[in-house]
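# Geometric and topological summary
This is what each chain is made of:
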Amino acid sequence: MEKELVIVLDFGGQYNQLVARRVRECNVYCEIYSYRTDLSKIKEMNPKGIILTGGPNSCYEADSPTYTKELFELGIPVLGLCYGAQLMMHVLGGKVQKAPVREYGKTEVFVDRSSDLFEDVSETTVCWMSHFDYISQVAEGFRITAHTADCPVAAAENAEKGLYAIQFHPEVLHTQEGTKMLYNFVRGVCDCAGTWRMDSFVENAIREIREKVGDGKVLCALSGGVDSSVAAVMLSKAIGNQLTCVFVDHGLLRKDEGDEVEEVFGPNGNYELNFIRVNAQERYYKKLAGVTEPEQKRKIIGEEFIRVFEEEAKKIGAVDFLVQGTIYPDVVESGLGGESAVIKSHHNVGGLPDYVDFKEIIEPLRDLFKDEVRKAGLEMGIPEKLVFRQPFPGPGLGIRIVGEVTAEKVKIVQEADAIYREEIANAGLDKTIGQYFAALTNMRSVGVMGDERTYDYAVALRAVNTIDFMTAESAEIPFDVLQKVMSRIINEVKGVNRVFYDLTSKPPGTIEFE
Ligand code: XMP
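These notes cover the structure that comes with them. (Residues numbered from 1 in each chain as written. Predicted model: local features only at pLDDT ≥ 70, side-chain atom pairs only at ≥ 80, totals over all residues. Heavy atoms only, no water.)

### Some points on the layout of surface pockets
Left-over empty space is what a probe sized like a water molecule reveals as it rolls over the atoms. For clarity, the cut-off: Space inside and on the surface of the protein is sampled on a 1 Å grid over the protein atoms alone, with a cavity defined as a set of points where a 1.4 Å probe fits but cannot get out and a pocket as an open set with protein on both sides within 12 Å along at least 5 of 7 lines; lining residues have an atom within 4 Å of a point. Grid points are joined across faces, edges and corners, and a volume is the space filled by probe spheres set on the points. Helix and strand definitions here come from DSSP, where helices need a minimum of 4 consecutive H or I residues and strands a minimum of 2 consecutive E residues; each element is numbered from the N-terminal end. Ten residue types, Ala, Val, Leu, Ile, Met, Phe, Trp, Tyr, Cys and Pro, are classed as nonpolar, four, Asp, Glu, Lys and Arg, as charged, and the remainder, Gly among them, as polar.
Reported here for the second largest pocket is a volume of approximately 510 Å³. Around the second largest pocket sit 22 residues that line it, and K3, F201, N204, A205 and E208 are the ones nearest its centre. Looking at the lining of the second largest pocket element by element, the count peaks at 8 residues for helix α5 (residues 198-213). In terms of residue class, the lining of the second largest pocket is made up of 9 nonpolar, 3 polar and 10 charged.

Listed below in structure tokens is the structure:
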């Protein structure tokens, strides 16, 4: 089956992954590439459409990101968004300059519904604007198809040539009919049939893995997180017990999590595979004793994982393939895809053990966004509880315990966190808050319990909403829920006599405590 492809040319804006995700929601496969990508490579990929993203620059300045005019002469529809729209005009002879009025935020846009892009869109529609430059004159052959009170060209097009420019951001949810506009572009203008679907992706992926692996042996490090779980199940469905999964319980998992992973993947679980659980808690606690510096803790946890994994791999002997749960944002963020300069190095704990004896790496989720990984998981019948698991950092509770990690502190934070999660779920907030957890501060304070003086730890509760984990805002939790959590933690968790609610946004804070 020929894969329909739309490419997103990344000019450094902050919503670029969102653009690709929205396109995929229209069942059209989409990849992100840097604006530095050669035209010849683009021609080779033969996309059905090209989308130019926003970006922080002014297109009329000498060293700003740009693209050759030929891009617009390929006969492939192009949609420019924000900076991409301005660039299209600039390159094709229109005029872009500093706007007399800078637009930012939700803005009423008046659209011409005769445009293919605005079919079925309301005549007055709320869109997300964020620009300091504006198109003061469209290029020859273009007609204006939308405007706002302050912006004479909110959209313009040369439909004959398949060129469309939009000043606002249809990819963000604040643009109420944005997905419809992107749908109109990829499914209408670009004429994509919409063949990108998770059920067929899963089917194809399983078949491809089977062909690739043959009767080879495959090793997978299973963390119990969404990505490695979905990858493992996919492999299991493809090759059954030619797959061995090693699950390292480092003693820094949430309450009962080790057993839950074993329930699903172990010998009494749902899948055909070899499951090895390594209970390495003591080893980790020993290594972490006396260590307080966050980065050092991360390093120790990562390195110890490699040691343990290597020991297990040695017992298994040579394998043909090693599975990695890499997903598409990892590819983009590590600079292989778009223009993104941010590399979250500390998020890939430890890296790969280079002395494990394998021939090749398999990355079955390399093309998927997180929500697609989840869909693939559901498609394969993985329990919802696992598929919608909270994001959990590789170093686990190690970075939710400020200061030294000890078995006693792990127990405290596990219990407090379990109560917090339970009450959040009871309040029906578990699907609406992005990430929430309890952390153990290193602060002890005086309290009174019964007739006794206590000198115990303070637990901090965190709850944030975030789109991309690069920025976050603290989530609103009703006071009575917080109060209940506080009261239960203090009554039920030994060693805690105080509970804080952390309101800090990111920046200046981070989501985790360390
Ligand atoms: P921060 O604390 O950097 O967290 O604001 C952003 C997101 O990344 C997760 N996180 C990590 N994940 N290894 C991981 O695998 C890490 O060392 C790590 N540190 C933070 C965090 O849970 C949040 O989702």
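### Quick look at the packing of helix α6 (residues 226-239) against helix α11 (residues 370-379)
Rules: Geometry is summarised by axes, namely lines fitted to C-alpha atoms with helices restricted to the contacting stretch, and by angles between N-to-C directions that run from 0 to 180 degrees. Any angle that is under 35 degrees is reported as roughly parallel, and any over 145 degrees as roughly antiparallel; angles of 65 to 115 degrees are reported as roughly perpendicular and all others as oblique. Here a crossing is called left-handed whenever its near helix is offset anticlockwise from the far helix by less than a right angle, and right-handed whenever the offset is clockwise. Throughout, a contact is declared for two residues whenever any of their heavy atoms are within 4.5 Å.
Look at α6 against α11: their axes get within 10 Å of each other, and the N-to-C directions meet at 40°. The orientation of α6 with respect to α11, classified from their angle, is oblique. Crossing geometry of α6 relative to α11 is assigned as left-handed. On the side of α6, the interface is formed by V226, D227 and V230, while α11 contributes K370, V373, R374, A376 and G377. Of the residues assigned to the contact of α6 with α11, the class counts are 4 nonpolar, 1 polar and 3 charged.

### Thoughts on the pairing of strand β2 (residues 29-34)
The condition that has to hold: Each residue is placed in one exposure class: buried if its accessible area under a 1.4 Å probe, protein chains only, is under 20% of its type's maximum, exposed if it is over 50%, and partly exposed if it falls in between. Any two strands between which DSSP finds at least two bridges are classified as paired. By convention, a crossover is right-handed whenever its connection, traced from the first strand over the helix to the second and viewed with the strands pointing away, goes clockwise.
Counting buried positions over the 6 residues of β2 gives 6, a clear majority of the element. Bridge analysis of strand β1 (residues 5-10) against β2 gives 6 bridges, and the strand direction is parallel. Bridge pairing links I7 to E31 in β2. Read as a crossover between parallel neighbours, the route from β1 over helix α1 (residues 16-25) to β2 is right-handed.

### Re the pattern of salt bridges
What counts, and what does not: Only one rule defines a salt bridge in this text: a Lys or Arg side-chain nitrogen within 4 Å of an Asp or Glu carboxyl oxygen.
One pass over the full model with this rule turns up 33 salt bridges. Counted as one network, the salt bridges with shared partners bring together E422, E423, K484, R488 and E492.

### Focus on unusual backbone geometry
That bond from K506 to P507 is cis: its omega, -20°, falls within 30 degrees of zero. Mapped onto the elements, P507 comes out in the segment after β18 (496-502). Despite not being glycine, D191 has its phi angle at roughly 60°, a positive value. Tracing the chain through its elements places D191 in the loop between α4 (178-189) and α5. Classification of D191 by relative accessible area gives exposed; the value is 54%.

### Regarding the packing of aromatic side chains
The description of an aromatic ring pair rests on the distance of the ring centres and on the angle between the ring planes. What counts here: Any two of the Phe, Tyr and Trp rings considered here, Trp counted by its six-membered ring, make a pair once their centres fall within 6.5 Å; the pair's planes then place it as stacked at under 30 degrees, edge-to-face at over 60, or tilted in between.
A complete count under the given rule lists 12 aromatic pairs for this structure. Relative to W196, the ring of Y29 has its centre 4.7 Å away and its plane inclined at 55°; by these criteria the two rings are tilted. Highlighted residues: Y29 in strand β2 and W196 in the loop between α4 and α5, separated in sequence by 167 residues. The burial state of Y29 is the same as that of W196; both residues are buried.

Fair warning: the whole summary comes from geometry, so function is off the table for now.
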